[in-house]
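Single-letter residue listing:
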Amino acid sequence: MSAVDTEHTNLIDMRALLFVAALALLNSSVTAQSGALQGTVLGEIDGTLEPLPGANLFWLDTEVGASTDAEGRFILDRPNNAKFLVVAYLGFRSDTLKIEKNRTQVQITMVSADVRLNEVTVREKVGSTSVKYLDVNLTENISERELFKAACCDLSESFETNPSVDAGFTDAVTGTRQIRMLGLDGPYSTYTRGNIKAMDGLASVYGLALIPGMWIKSIQLTKGTGSVVNGYSSVTGQINYELRSSADEEHRFVNGYVNGAGRLEENVVWNEKIGEYWGTTFLLHGRRQLLEIDRNGDDFLDTPFGNQLFLQNTWRRFKAEGLRTQFGVKYSYIDQWSGQEDFIGSDASLGLWGYTNESHRAEVWAKGGYVINAEKRQSFGFQGAANYHDIRSEFGGVNVTTNTWRGTEQSAYFNGIYETELGHPDHSLKAGASFVYHDQSETFNDDVFERSERVPGAFAEYTLADPERFSVVLGFRADQHNLYGLNLTPRLHTRLAVNENLVLRASAGKAYRTPNMIADRMGLLASNRDWVLAASDSDLPYGLQQEEAWNFGFSASHDFEWDYRPASLRVDYYYTDFQNQIVTDLYASAREVRLYNLNERSFSHSFQVQLDYEVVRRVDVRLAYRYLDVKSTFGGDLRGVPFIEPHKAFTNIAWQSRNYWKADLTVQWHGAASLPYTGDNGASYRIAPQAPDFVTANLQVSKEWPTTGWEAYLGVENFTNFKMTRPIVSAENPFAEEFDASMVWGPILGRMYYAGFRFRLLKADG
């Protein structure tokens, strides 16, 4: 069924589904709150009221108690006849409060015990983004608190406040975003969901839109080649995302979002405990574009029209003994269109240009572990996943398509891991085997591309972990690919703790990647360029060799105090050297996309320095500068890869009041970037060889009411209102050979206001 036929039916169905889900959720919330007391515990520190995490509360003469969370919040069941609540916290006077029977919410302010105790109070502040001191890899842990600073909307948009990842549109039509890490496109990173491989093949770029941002509990971003346990890919790093689950303190979570361009989203998370050992989570995401927006007046919609509906259910077994396991299933549906206004529903006589896309994706996954001998740290774990993906995209006019791409994918993955101590607690070994199955069939205009991969592999990884000083992880894996032969993957990661505040890390490793010629470059489908493929071996997928790369990295992390306030300084450098990289040559001709395996130089240098500092109480500042040197050989000349900004400066300022008001400001300076060649076009359709530098800024203000679980936010993206004046070349004549909507190097929409809310209900035993 096409996007045209299904539009109105899907709108009604999705609205009804979301409305029923929201009503059910809120009804359940009200029910769940009865008989419980919620509130916040505060204490006066340095003259201001602060939430007290870990404060203990219990009903007098009962065994019913709870502790406050990181924000000082608690929820506590109330037994019959319970009247007096005891509150205790180190350094503060314990108190016993009489709580009226019909009261369900309280805010408790504790009084300091005495001056001497205040002097020895120890406070620890954990940043919203942090690097683990003991981790041998340079891994940034991005918490929910950091993710909430960017209110919208999927995984690709979750890095707005992180200088390590760049995000931008692939083109001016499809609304698809892609990310870059170390200056290289997102497909060179490995994406995992709970450390299980999650996206590749047809979803290598498009899949980021299938992960709603409000479903994500945290992200672990690792630069450089990762562990061999996770496979032979991961050229630039690993992005692991953890979704909300029944292990969280939340019982219910709801989010609603709307922006000035008419984008409406709703997310619902429903956690339930089943019996003594099981928990289940239902996640629902819906999205609808309400308005047709054309702010630059080129008669093309600035954002696609259509629907998204994602459903997910996961299960988790909590029992400590025996097999610990979790598994899940997810279905994702996208139906959207874009292009010239009034394209949808038009006939061929109007000669309008448009884009339609319909995608279905089904996923199942599971993982588990069993402790064989706890004393010797012997255990066995497994990971498994299977996907089905069907996507149909058309670009062009009614009955006159210029590009048609249809693909189906069936894939499966299994990984078994055995771990044991090697005679001493500091020495351990992981070993195991994996198998990858991947069938993919694509029709691109008149060409058919099919591939069937079978990849058995084995790996071993030795770890020396001395937390006080030095750690090393040495891994090796071998994979027998049925199409590309034997892949040998060595990797080394080291960590040296110079002292308790300074950690040095280094890594080196090789990686391989199977090409996805069209999925990796789907933004180029929004142009009238001819695709010219220089195949070197007709027996291989697309006739192209597998990409290979070596990655080397070094980093230094230093935590210190500056004027009695915490600060951290991090410097990292990574070098990636490609062999057989598949180059997208947009310099040779404005009429063609040339693709070929490169036998000459292709590399990336990435250098970043970042400072995080609490400049005054409740105000955190993050400053960063990043330099990229990303070059490939095009037509015999070593040149900068198009659209890559060599220089970028980043500032983020976050403020939070004692009354739970929050404000977050992010300002980025984007340096000039090289652009593709357009000299073949007429003078009016040529673009400059270099994009100008520009500044963008985002601002968000939010207010939380912890005792009720509600939070509201209001923000503006790109409030400098900088935007490309002509994001589409030859927009006035989309069937001309010059037409190209893939020349996007900056913002398209300009200033954008948005608003939203979050509601969470904590578990009664949380």
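Report follows, based on the coordinates. Keep in mind that what you see is a predicted model, and the values were worked out from it rather than measured.

### Some details on the pattern of salt bridges
Under the definition given, this model contains 39 salt bridges. For D390, the salt bridge goes to R392, with nearest N and O atoms at 3.9 Å. Among the residues examined, D390 registers a relative accessible area of 12% and is labelled buried. R392 sits in the partly exposed class, given a relative accessible area of 46%. Between R454 and D439 there is a salt bridge; the shortest N-O distance is 3.1 Å. Of the two residues, R454 sits in strand β27 (residues 447-465) while D439 sits in strand β26 (residues 427-444), which places them 15 residues apart along the sequence.

### Observations regarding the layout of surface pockets
Size it by volume and the second largest pocket reaches roughly 1,400 Å³. Forming the boundary of the second largest pocket are 42 residues, of which N195, N230, Q383, E419 and K430 lie nearest the centre. Of the residues contributing to the lining of the second largest pocket, the split by class is ten nonpolar, 22 polar and ten charged.

### Things to note about the sheet that holds strand β13 (residues 184-185)
The strand order across the open sheet built from three strands is β11-β12-β13, with neighbouring strands paired in antiparallel fashion. Both edges of this open sheet fall to β11 (165-169) and β13, since each of them pairs with a single strand only.

### Thoughts on unusual backbone geometry
Notably, L182 is not glycine yet its phi reads approximately 55°, a positive angle. Within the secondary structure layout, L182 lies in the loop between β12 (177-181) and β13. Of the residues examined, L182 reaches a relative accessible area of 4% and is grouped as buried. Backbone geometry places N718, a non-glycine residue, at a positive phi of 55°. Tracing the chain through its elements places N718 in the loop between β44 (710-717) and β45 (752-762). Overall, the relative accessible area of 7% leaves N718 in the buried class.

### Describing the packing of aromatic side chains
For the coordinates displayed, the defined rule picks out 24 aromatic pairs. When the ring of F300 is compared with that of F739, the centres are 5.9 Å apart and the planes differ by 25°; the resulting orientation is stacked. A residue pair is termed long-range when its members are at least 10 positions apart, and F300 in the loop between β20 (278-289) and β21 (305-317) and F739 in the loop between β44 and β45 qualify at 439 residues. Accessibility expressed as a relative area gives 1% for F300, which makes it buried. Ring centres of Y355 and F395 lie 4.9 Å apart, and the angle between their planes is 35°; on these two criteria the pair is classed as tilted. One end of the pair, Y355, is in strand β23 (residues 353-373); the other, F395, is in strand β24 (residues 378-397), and 40 residues separate them in sequence. Classification of F395 by relative accessible area gives buried; the value is 1%. Through a chain of ring-to-ring contacts, the aromatic side chains of F300, W353, Y355, F395 and F739 assemble into a single cluster. Sitting over the face of the ring of Y587, R639 holds its NZ or CZ atom 3.7 Å from the ring centroid.

### What to know about the pairing of strand β43 (residues 694-705)
Sheet topology places strand β40 (residues 661-670) next to β43; ten bridges connect them, and they run antiparallel. When the sheet's bridge partners are listed, K662 is paired in β43 with S702. Note: β43 against β44, seven bridges, orientation antiparallel. Bridge pairing in β44 links L699 to V716. Between the end of β43 and the start of β44, which pair antiparallel, lie four residues, with G709 showing a positive phi angle near 90°.

Definitions and cut-offs
Residues numbered from 1 in each chain as written. Predicted model: local features only at pLDDT ≥ 70, side-chain atom pairs only at ≥ 80, totals over all residues. Heavy atoms only, no water. Salt bridge = Lys/Arg side-chain N within 4 Å of Asp/Glu carboxyl O. Buried < 20%, exposed > 50% of the residue type's maximum accessible area, 1.4 Å probe, protein only. Helix = DSSP H or I, 4+ residues; strand = E, 2+ residues; numbered from the N terminus. 1 Å grid on protein atoms, 1.4 Å probe; cavity = no way out; pocket = protein on both sides within 12 Å on 5 of 7 lines; lining within 4 Å. Points joined across faces, edges and corners; volume = space filled by probe spheres on them. Nonpolar A, V, L, I, M, F, W, Y, C, P; charged D, E, K, R; others polar. Pairing = 2+ DSSP bridges. Phe/Tyr/Trp six-rings, centres within 6.5 Å; stacked < 30°, edge-to-face > 60°. Lys NZ or Arg CZ within 6 Å of the ring centre and 35° of its normal.

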